[in-house]
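Descriptive analysis of the structure
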Amino acid sequence: NLQFAISQYKLLASEVPATVMPRTFNATKGELVTSATDWWTSGFFPGTLWYLFESTGDTTMKAEAERRLAILEKEKFYTGNHDLGFMIYNSFGNAYRITGKPEYKEVVLTAAATLSKRYRPNIQSIQSWNGATPNDCLVIIDNMMNLELLCWSSQNSNDKSFNDIALAHSYTTIKNQYRPDFSSWHVVEYDLKTANIKKKRTAQ
């Protein structure tokens, strides 16, 4: 299965332009769909390449992963939404875990500092998406999957604020995002001025 996956990823790498990431495949049109590096899944391709290199030792996977990291690194400063965990921890986090290169660690720590800028102290949560107005603060359940970036960064630096933010966000999520039957709302909309909940809904 791993060898088949490698053959598929080699084909994929040959089809994806050097400046973008693969996103999905449109079966109806028979077309590969790509994305810019600020798309939320941009870390998945290089992250998977690192997993394949780790599992098989195939150096072509490592070389392709390094090429993709080079175009992705700038997103460590991305403040447009909460998805830096998907983008950076999955890619550079795996790169550092496997190679131990300090420059990869620095990218992860920088991304954690960037993600922390979306923390809203008055609601004790990281803002996922920007709303229609500056006072609209949208928090989605998916945000929980990006907290690992913050926890790891606290464990691997002297900055414990990352972990404090992750815990605060988690407690707020438990309090406001879940229904009595333990299912969750997708989106909770807060008013940044009052910290009141305006609406709970599903966007996707």
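Procedures and definitions
- Residues numbered from 1 in each chain as written.
- Predicted model: local features only at pLDDT ≥ 70, side-chain atom pairs only at ≥ 80, totals over all residues.
- Heavy atoms only, no water.
- Helix = DSSP H or I, 4+ residues; strand = E, 2+ residues; numbered from the N terminus.
- Rg over C-alpha atoms; globule rule 2.2 N^0.38 Å.
- Buried < 20%, exposed > 50% of the residue type's maximum accessible area, 1.4 Å probe, protein only.
- Contact = heavy atoms within 4.5 Å.
- Salt bridge = Lys/Arg side-chain N within 4 Å of Asp/Glu carboxyl O.

Let us now look at the overall build of the protein chain. Scanning the protein chain for helices and strands turns up seven helices and eight strands. Expected size for 204 residues packed as a compact globule is a radius of gyration near 17 Å; at 18 Å, the protein chain falls within 12% of this value. With respect to the principal axes defined by its C-alpha atoms, the protein chain has extents near 50 × 45 × 30 Å. The buried share of the protein chain, taken over its 204 residues, is 45%. For the protein chain, the proportion of contacts with a sequence separation of at least 24, taken over those separated by at least 6, is 57%.

So, on to the pattern of salt bridges. Evaluation of the coordinates by the stated rule reveals ten salt bridges. Measuring nitrogen to oxygen at the nearest pair gives 2.7 Å for the salt bridge that ties E64 to R67. Highlighted residues: E64 and R67, both in helix α3 (residues 59-72), separated by three residues, approximately one helical turn. Owing to a relative accessible area of 7%, E64 belongs among the buried residues under this scheme. Between K198 and D136 there is a salt bridge; the shortest N-O distance is 2.3 Å. Here D136 lies in strand β6 (residues 136-140) and K198 lies in strand β8 (residues 197-201), a separation of 62 residues in the sequence. Via salt bridges that share partners, K62, E66 and K101 belong to a single interconnected network.

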